[in-house]
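Architecture at a glance
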Amino acid sequence: MFVGLELQRHTMTFQDLDLIDPIFKAISQKGYKVPTEIQQKAIPEILQRKDILGIAQTGTGKTAAFAIPIIQLIYKIDKQRQAPITLRALILTPTRELAIQIDENIRTYNKHTHLKHTVIFGGVKAHKQIQEIKKGVQILVATPGRLLDLIGQGYITLEHLKMFVLDEADRMLDMGFIHDIKRVIKLLPEQRQTLFFSATMPDNIIGLSSNILNNPRRIEVARKSSPAETIDQYVYYTDRENKVALLSHILRNEVDDQVIVFVRTKHGADRLMKKLTRSNFKAKAIHGNKSQVQRQKALKQFKEGAIRILVATDIAARGIDVQQLGYVINYDIPNEPETYVHRIGRSGRAGLKGIAFSISEPEENVFIRGIEKLIQDKLSVISDHPFPQLVAPMTAAEKKAWNKEKQLRKAKFIQAKKLKRQSKQRGR
Ligand code: AMP
């Protein structure tokens, strides 16, 4: 089910996948020995020009599963016939980090095929990206807004496109890109090959996929809820005021390598980063409020090993691909169990062993239960630590009452604010 297990179960090699020599050479140089499950299943189908409905999380090797056959097909269509350079493949992905990551992957596999490729995303000036596009591009990785922007300005046309990839479709819809996606789809040629990837398959995704795919091959490599089985998952129960101290304790005693620490909010990320820095940890924060340059710099430093701890929010962490990341820590427990699965998928990638620690305060205990329900497994509880939770974990009934009280408090607060505003206005 997960890469690590599949590597052992299958004996298929990249040689069995009918790859052209320059691609095979690039993959070998990268050090890939065995194709992952999704690569084994998707590459032959894509090379046969089939549409794909791929249900796979990041960490399964899905980028190579579509990038490798795209390079091979375009190489055959264009390069060998010395056709003029036109845009042949478009890969649409939700975040800039992910876009950059995919483009980096393409660069690796394209090392000896020399196709023209580039990446465009918002949040930075368009000038450099436009210059690249003007030079001619065969494979374009893009986030939706910037793509539509440059199409609107006449720098990009999709009329000669042969292949279209919609990556992380569920995340795209979560991020509100549905209208942008529909606008892009309208501009695609009828005759094309479409590869559709999503980690989950809720109804709106099924609807979208059936509109744009033509008789697709369905390839599923992990159940919606299955986190990587090569990740050991632990939970610490503590109280809110002890969270930072417990985190430092874990960082000093349990983590002997680099780690991503997940937090819920941008401000939370900054606050925690400052506290860690004060405790002499080398930490950087990445989140949506940081500029693209700052984010790339932090990521680069992390990848190079110059910083040990990356404090990240979920959206910012989406595209992070750090090979051999051993540890992930959930400083905040996400209230959506799927987010937990995405987060811990950052460790133990492509068959490597990973460890995920979660630090739960009383109000979050209920989220841990939700996670355990989704993954159909219990997290291993570490109770031997200096900051145990003094408040007993809430039962479902207690949680319900607590929620009710919270809503009441919120309503009272809003009412009080309203009254204050009104009296202020009257006073004027
Ligand atoms: P992805 O799911 O595309 O984000 O890929 C996850 C990670 O696995 C990336 O770091 C890839 O470089 C790596 N990877 C992809 N395919 C293979 C392979 N066949 N063997 C080893 N590592 C791989």
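Residues numbered from 1 in each chain as written. Predicted model: local features only at pLDDT ≥ 70, side-chain atom pairs only at ≥ 80, totals over all residues. Heavy atoms only, no water.

1. Topic: the packing of aromatic side chains
Aromatic rings considered in pairs are described by the distance between their centres and by the relative angle of their planes. Considering all chains together, one arrives at 6 aromatic pairs under this definition. Ring centres of F14 and Y32 lie 6.5 Å apart, and the angle between their planes is 25°; this geometry places the pair in the stacked category. In this pair, F14 is assigned in the loop between α1 (3-9) and α2 (21-30) and Y32 in the loop between α2 and α3 (37-47), connecting sequence segments 18 residues apart. Looking at Y32, the relative accessible area reads 24%, which means it is partly exposed. Judged by centre distance (6.4 Å) and plane angle (10°), the ring pair of Y327 and F357 falls under stacked. Separated by 30 residues along the polypeptide, Y327 in strand β12 (residues 327-330) and F357 in strand β13 (residues 354-360) bring together distant segments of the chain. Here Y327 matches F357 in class, with each residue buried. Of the aromatic side chains, those joined through ring pairs into one cluster are Y234, Y236, Y327 and F357. For K243, the ring lying beneath its charged end belongs to Y331, and the centroid distance is 5.4 Å. (Phe/Tyr/Trp six-rings, centres within 6.5 Å; stacked < 30°, edge-to-face > 60°. Helix = DSSP H or I, 4+ residues; strand = E, 2+ residues; numbered from the N terminus. Buried < 20%, exposed > 50% of the residue type's maximum accessible area, 1.4 Å probe, protein only. Lys NZ or Arg CZ within 6 Å of the ring centre and 35° of its normal.)

2. What to know about the pairing of strand β4 (residues 139-142)
Going residue by residue along β4, you find I139 and V141 tucked away on one face and L140 and A142 tucked away on the opposite face as well. Judged from the 4 bridges that link them, strand β2 (residues 89-92) and β4 form a sheet pairing that is parallel. Looking at the pairing, L90 lines up with L140 of β4. Bridge analysis of strand β3 (residues 117-120) against β4 gives 4 bridges, and the strand direction is parallel. (Pairing = 2+ DSSP bridges.)

3. Concerning the sheet that holds β4
Taken together, 7 strands build an open sheet; the order of strands is β3-β4-β2-β5-β6-β1-β7 and the sheet is parallel. Edge positions in the sheet fall to β3 and β7 (217-220), since each has one partner strand and no second. Averaged over neighbouring strand pairs, the angle between their axes works out to 15° when direction is ignored. Looking at chain direction, strand β1 (residues 52-55) and strand β6 (residues 193-198) are connected through 4 bridges and run parallel. Bridge pairing in β6 links L53 to F196. In the packing of helix α5 (residues 96-109) onto the sheet, contacts are made with β2, β3 and β4, and the angle to β3 comes to roughly 175°. Sheet contacts for helix α10 (residues 203-212): β1, β5 (163-166) and β6; angle to β6, the most-contacted strand, approximately 170°. (Axes fitted to C-alpha atoms, helices over the stretch in contact; angles between N-to-C directions. Contact = heavy atoms within 4.5 Å.)

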